[in-house]
Amino acid sequence: MTALLKRAGRFPDGQGLYLDSRPPRASWVFRYTLSGRARWMGLGRYPEISLKAAREKAFEARRLLDQRSDPIAVRDAERAEQQRRDAEVLTFQDCAEGYIAAHRDSWANEKHAAQWASTLTTYAYPLIGHLPVSEIDVPLVTRVLNQDVKWKGKTQPLWSVKNETASRVRGRIESVLAWAASRNLRSWDNPASWAILRHQLPPRSRVARRGHHTALPYDEVSKFMQLLKNEEGAAALALQLTIFTAARTSEILKATWDEFDIANKVWTVPASRMKAKREHRVPLSDAAIAVLEKLVANTSDRANWVFPNATGKKPLSNMVMLMLLRRMKLSVTVHGFRSTFRDWAAEATSHPSDIAEMALAHTIKNKVEAAYRRGDLFTKRIALMDDWAAYCGG
């Protein structure tokens, strides 16, 4: 056997059984003739399937031939029946939990997995979680997305008043159903895809206006910054620094003092805390430096968090800036200020688009361009961030 495995070819064992050797792999095949046609039936890979087991499989195939049955057709029918039974047993919730378990290691952090489970538990499981995954169709998905929720004291459809949440639920249902289809637990027609649901639901751009605005229009940012400077506390300073640097919430709140080179006006965010898992240098405008200097004056331990909580052992909660915005009675989100910055750069400046994208640490989607892009356009981004700070009234 060892010698055969080193050679390419099909080697007969007898009575239609062959070892199909294609170094470094080998598998068992059964050759038979049906209706004047030669057919080859795979019996499994060697050594997972031993010679003894392969002979038993070949014997069973010959028995079916004696009964005038096609062994391949019988095998395929048995597999289809097993898949049908599995689909009847596995519910949507079973598949969702399987999807989360399969992808957990590839997600950036445990919080993302928790968010997945939370949104599906809140909005999907009560309506479709107990149903066989093979039965999920367009009406059921639409029912989930249009379910009644409380909004400002009234009962209204989820898709209309919490569109961002509903859109995430839709995308997660779509992913779960695709995962199930890849395991032959349902058809590949995905009733949660937007290509289908756009005929059932109004577009996001239309219903988003009914809910809260996520981003502040850039022509209002200077007025807002004046109001923000009147607010006291670490949350207000964190939000100022977030806006001046166009950074993400977690990048700001988990920052440590050793990441900042105030003398050279550079903040270096390590790859471990970046969404794209690449180190990101941020030019610090004079306005951003001024915020940091206020923080330095009130910080006794510069080796720790820039924005520590009351105990000093952890950073501030990622909700502190959002709660500040709510106290200021503004219906915008912290992340929305990145959109504000991007709109301003595109519509009110002559700075190239790729400079603004690099400032936001966005991944270059064009793989060819990404392969040739070596630098981070830092020098050009200095001018961009200085202009942004000046526009904000820094």
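Below or above, wherever it landed, is the structure these notes cover. Since the model is a prediction, treat every value here as computed from it, not as a measurement. The numbers attached to residues start from 1 for each chain and follow its sequence in the written order. Where totals are concerned, whole chains, interfaces and linings use all residues; where local detail is concerned, this predicted model gives features only for residues with pLDDT of at least 70, and gives and counts side-chain atom pairs only at 80 or more. Heavy atoms from the whole structure form the basis of all side-chain values; hydrogens and water molecules are not counted.

## Looking at helix α2 (residues 51-66)
Its 16 residues place the ends of α2 23 Å apart at the C-alpha level, agreeing with the 22 Å of an ideal helix rising 1.5 Å per residue. Exposure is judged per residue with a 1.4 Å probe applied to protein chains only, and the accessible area is read against the type maximum: over 50% gives exposed, under 20% gives buried, and values in between give partly exposed. By definition, any uninterrupted DSSP run of H or I lasting at least four residues is a helix, any uninterrupted run of E lasting at least two residues is a strand, and each is numbered from the N terminus. Restricting attention to buried positions, one finds in α2 the residues Ala 54, Ala 58, Ala 61 and Leu 64. Projected onto a plane normal to the axis of α2, the buried residues spread over an arc of 115° and lie on a single side. Residues of α2 that are exposed and angled more than 90 degrees away from the buried face: Lys 52, Phe 59 and Asp 66. Just past α2, the residue Arg 68 takes up positive phi, approximately 65°. The length a helix should cover is 1.5 Å for every residue beyond the first. Directions are taken from the helix axis to each C-beta atom, and the arc is the one they span.

## Topic: the sheet that holds strand β4 (residues 37-46)
Any two strands with at least two DSSP-identified bridges between them are counted as paired. Overall, antiparallel pairing links the 4 strands, which are arranged β1-β2-β3-β4 in an open sheet. Of all strands in the sheet, those bounded by a partner on one side alone are β1 (9-14) and β4. Within the sheet, the average angular offset between the axes of one strand and its neighbour, ignoring direction, is 30°. Examined bridge by bridge, strand β3 (residues 25-34) and β4 share 9 bridges and lie antiparallel to one another. Across the sheet, residue Trp 28 finds its bridge partner in β4, namely Gly 44. Contacts are assigned to residue pairs that have any heavy atoms within 4.5 Å of one another. Note on method: axes are straight lines fitted to C-alpha atoms, helices fitted across the in-contact stretch only, with angles between N-to-C directions ranging 0 to 180 degrees. Along the sheet, α2 contacts β1, β2 (17-22), β3 and β4; its crossing angle with β3, the most-contacted strand, is approximately 15°.

## Some words on the sheet that holds strand β8 (residues 266-269)
Within the open sheet, the 3 strands sit side by side as β7-β8-β9. Their pairing is antiparallel. Only two strands of the sheet have a single partner each, and these edge strands are β7 (260-261) and β9 (280-283). Where β8 and β9 come together, 4 bridges link them in antiparallel fashion. Considered in β9, the bridge of Val 266 is made with Pro 283.

## Here's the deal with the pattern of salt bridges
Salt bridge, as applied in this entry: a Lys or Arg side-chain nitrogen positioned within 4 Å of an Asp or Glu carboxyl oxygen. Under the definition given, this model contains 12 salt bridges. Its salt-bridge partner being Asp 76, residue Arg 75 comes within 3.4 Å of it at the nearest N-O pair. Given a relative accessible area of 38%, Asp 76 falls into the partly exposed group. Between Arg 273 and Glu 259 there is a salt bridge; the shortest N-O distance is 2.6 Å. With a gap of 14 residues between them, Arg 273 in the loop between β8 and β9 and Glu 259 in the loop between α13 (249-253) and β7 connect regions that are remote in the sequence. Accessibility expressed as a relative area gives 18% for Arg 273, which makes it buried.

## Description of the nonpolar core
Core analysis: the biggest nonpolar cluster contains 55 residues, and Phe 224, Leu 239 and Phe 307 have the highest contact counts within it. Per-element tally for this core: the top contributor is helix α12 (residues 234-245), with 8 residues. In this structure, Phe 224 is in contact with Leu 216, Leu 239, Ile 243, Leu 325, Met 328, Leu 330 and Phe 337, ignoring residues within four places of it in sequence. Within the second largest apolar cluster, 38 residues are counted, among which are Ala 96, Leu 177, Trp 179 and Leu 185. Nonpolar cores are built from buried Ala, Val, Leu, Ile, Met, Phe, Trp, Tyr and Cys residues. Side-chain atoms within 4.5 Å join them into one set.

In short, geometric facts, not functional conclusions.
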